[in-house]
Amino acid sequence: MLPLIIISLMLLVLDREKTLENKTVYSENKEISYPFFGIEEIDDYITSYLNEYITTDEEVLIDYDCIKENNLYYLTFYNYLFSGNKIKNNIDSYTINTKYNSITKIAPVSYEYDAIQNKMVDKEKKKMIALTFDDGPNYNTNKVLDVLEKYNVPATFFVLGSKIKDNEHILKRMSSSGMEIGNHTYSHLLLTKYKEDKIKEEIDSTSNLIFEVTGKYPTLLRPSYGSVNSKIKKTADMPIIIWDIDTLDWKYHNSKRISKRVLSKAGDGDIVLMHDIYSATANALNIIIPELQNRGYTFVTVSELFYYKEVNLEKGRVYGYAK
Ligand code: ZN
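Presented here is an overview of the structure given in this document.

What counts and how
Residues numbered from 1 in each chain as written. Predicted model: local features only at pLDDT ≥ 70, side-chain atom pairs only at ≥ 80, totals over all residues. Heavy atoms only, no water. Helix = DSSP H or I, 4+ residues; strand = E, 2+ residues; numbered from the N terminus. Buried < 20%, exposed > 50% of the residue type's maximum accessible area, 1.4 Å probe, protein only. Contact = heavy atoms within 4.5 Å. Areas by Shrake-Rupley, 256 points an atom, 1.4 Å probe, with all protein chains shown as cover. Expected span 1.5 Å × (residues − 1). Bend = angle between axes of the 7 residues up to and from the residue. Phe/Tyr/Trp six-rings, centres within 6.5 Å; stacked < 30°, edge-to-face > 60°. Lys NZ or Arg CZ within 6 Å of the ring centre and 35° of its normal. Donors = N, O, S within 2.8 Å, 3.2 Å for Na, K, Ca; no water. Arc of directions from axis to C-beta. Salt bridge = Lys/Arg side-chain N within 4 Å of Asp/Glu carboxyl O. Axes fitted to C-alpha atoms, helices over the stretch in contact; angles between N-to-C directions. Parallel < 35°, antiparallel > 145°, perpendicular 65-115°, else oblique. Left-handed = near helix turned anticlockwise from the far one by under 90°. Nonpolar A, V, L, I, M, F, W, Y, C, P; charged D, E, K, R; others polar.

Thoughts on the overall build of the protein chain
So, step 1. Assigned secondary structure in the protein chain consists of 10 helices and 14 strands.
So, step 2. Among the 323 residues that make up the protein chain, the fraction classed as buried is 47%.
So, step 3. The contacts of the protein chain with a sequence gap of at least 6 include a subset with a gap of at least 24, amounting to 63%.
So, step 4. Surface exposure of the protein chain reaches about 16900 Å², of which carbon and sulfur atoms provide 50%.

Below, the structure written as structure tokens:
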């Protein structure tokens, strides 16, 4: 994510008329391809800088930001060194004066952080659980998001295509606060009763709407009612995610009962089914989240759960937990 942000920033600050030239710096076993500026002194400098990293054995990604002001170029390299679950970001900054042909190096800065969402230091020892919310978005979804954001906890929302119109801002909020958005079909039909073209339409129209609002296609499908048959498996171009803990929030609307049920069943790798359209569910989260955190659980999205459990999700296959 960070390198992408930096690349975008870099493109913003670049002189518009300047044409970037793609060049590759390479040695026998490694190459770094990058746009260059077409300004000889600076390109040479960048090339020699990149060459230093070509000769190392480490896994490294580099990009840079170059801002021009009259004769001065402010050039900053961002080196991302990957080792295990850690990323080390070394930042080297230079001021290049093309008039006097001089280069000044500014004291380097270095940051270290966890590769994914800054939280999975020792994944083997962490217990993980994925909260999932179906049937939204609606007016109540914000209440659920308030609680998740308060505890800085990610979750997965399986949204209905038919509910997206006029609730686009809620999807955007989910997306910007690190929630995962999955596909729960367009109109919540019992899909097992329908033919493949209707199933496909229900799935595709929802994926397209999610993309229109968030700029990202969903990668997970939860068919309405969790119903699955061979037609649905064949038609789904995504893994099918069900659950192994059903909170029955739709039935009882009782936050105490919902939280008790989750807390009595919760285990490592579980996927919890809830619905963001109920107030009782939002209230239950205020009990569930701190208690499970006390028990040593980390909350993750469904995709993160399978990633950390090293399960490769396959299209058209059904998953109810990651153990
Ligand atoms: Zn549903």
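Once the structure has been displayed, the description carries forward.
Some details on helix α9 (residues 279-294)
So, step 1. The first and last C-alpha atoms of α9 sit 24 Å apart over 16 residues, in line with the 22 Å expected at 1.5 Å per residue.
So, step 2. Considering bend angle alone, the principal kink of α9 is centred on Leu285 and spans about 30 degrees.
So, step 3. Looking at the buried side of α9, the elements it contacts are β7 (127-134), α3 (141-150), α7 (249-252), α8 (255-265), β12 (270-275) and β13 (297-299).

Focus: the packing of aromatic side chains
So, step 1. One pass over the full model with this rule turns up 11 aromatic pairs.
So, step 2. Centroid distance Tyr49 to Phe77: 3.6 Å. Interplanar angle 5 degrees. Geometry classified as stacked. Of this pair, Tyr49 sits in helix α2 (residues 40-54) while Phe77 sits in strand β4 (residues 72-83); the two residues are 28 residues apart in sequence, bridging distant segments of the chain. We note that Tyr49, like Phe77, is buried.
So, step 3. Three or more aromatic residues link up through ring pairs in this structure, and these residues are Tyr34, Tyr45, Tyr49, Tyr53, Tyr64, Phe77 and Tyr94.
So, step 4. Stacked on the ring of Tyr252, the Lys or Arg Arg257 has its end atom at 3.5 Å from the ring centre.
So, step 5. Just above the ring of Tyr321 sits the side chain of Lys323; from NZ or CZ to the centre is 5.8 Å.

Here we look at the environment of Asn22
So, step 1. The residue Asn22 is located in strand β1 (residues 21-26) in this model.
So, step 2. Along the primary structure Asn22 and Tyr34 are separated by 12 residues, whereas in three dimensions their C-alpha atoms are 5.7 Å apart.

Thoughts on the coordination of the zinc ion
So, step 1. Looking at the metal site, the zinc ion is ligated by Asp135 (OD), His184 (NE2) and His188 (NE2), spaced 2.1 Å from it.
So, step 2. Owing to a relative accessible area of 12%, Asp135 belongs among the buried residues under this scheme.
So, step 3. Take His184: its relative accessible area is 1%, and that puts it in the buried class.

So, α2
So, step 1. Taking 1.5 Å of rise per residue, the 15 residues of α2 would be expected to cover 21 Å, and the 21 Å separating its terminal C-alpha atoms lies within 8% of that figure.
So, step 2. Where α2 is concerned, the buried positions are Ile42, Asp43, Ile46, Tyr49, Leu50, Tyr53 and Ile54. Summarising the axial view, the buried residues of α2 lie within an arc of 155 degrees, below the 170-degree limit, and thus occupy one face.
So, step 3. On its buried face, α2 is in contact with β1, β2 (31-36), β3 (60-69), β4 and β5 (86-97).

Some words on the pattern of salt bridges
So, step 1. A full pass over the atoms with the stated rule returns 13 salt bridges.
So, step 2. Between Glu314 and Arg317 there is a salt bridge; the shortest N-O distance is 3.8 Å.
So, step 3. One network of salt bridges, with partners in common, ties together Asp146, Glu149 and Arg173.

Examining the packing of α3 against helix α4 (residues 168-176)
So, step 1. For the pair α3 and α4, interaxial distance at closest approach is 11 Å and the crossing angle is 15 degrees. Accordingly, the angle class assigned to the pair α3 and α4 is roughly parallel. Note on packing geometry: the crossing formed by α3 with α4 is left-handed. Across the interface between the two elements, Thr141, Asn142, Leu145, Asp146 and Glu149 of α3 pack against Ile170, Arg173 and Met174 of α4.
So, step 2. Here the residues of the contact of α3 with α4 sort into three nonpolar, two polar and three charged.

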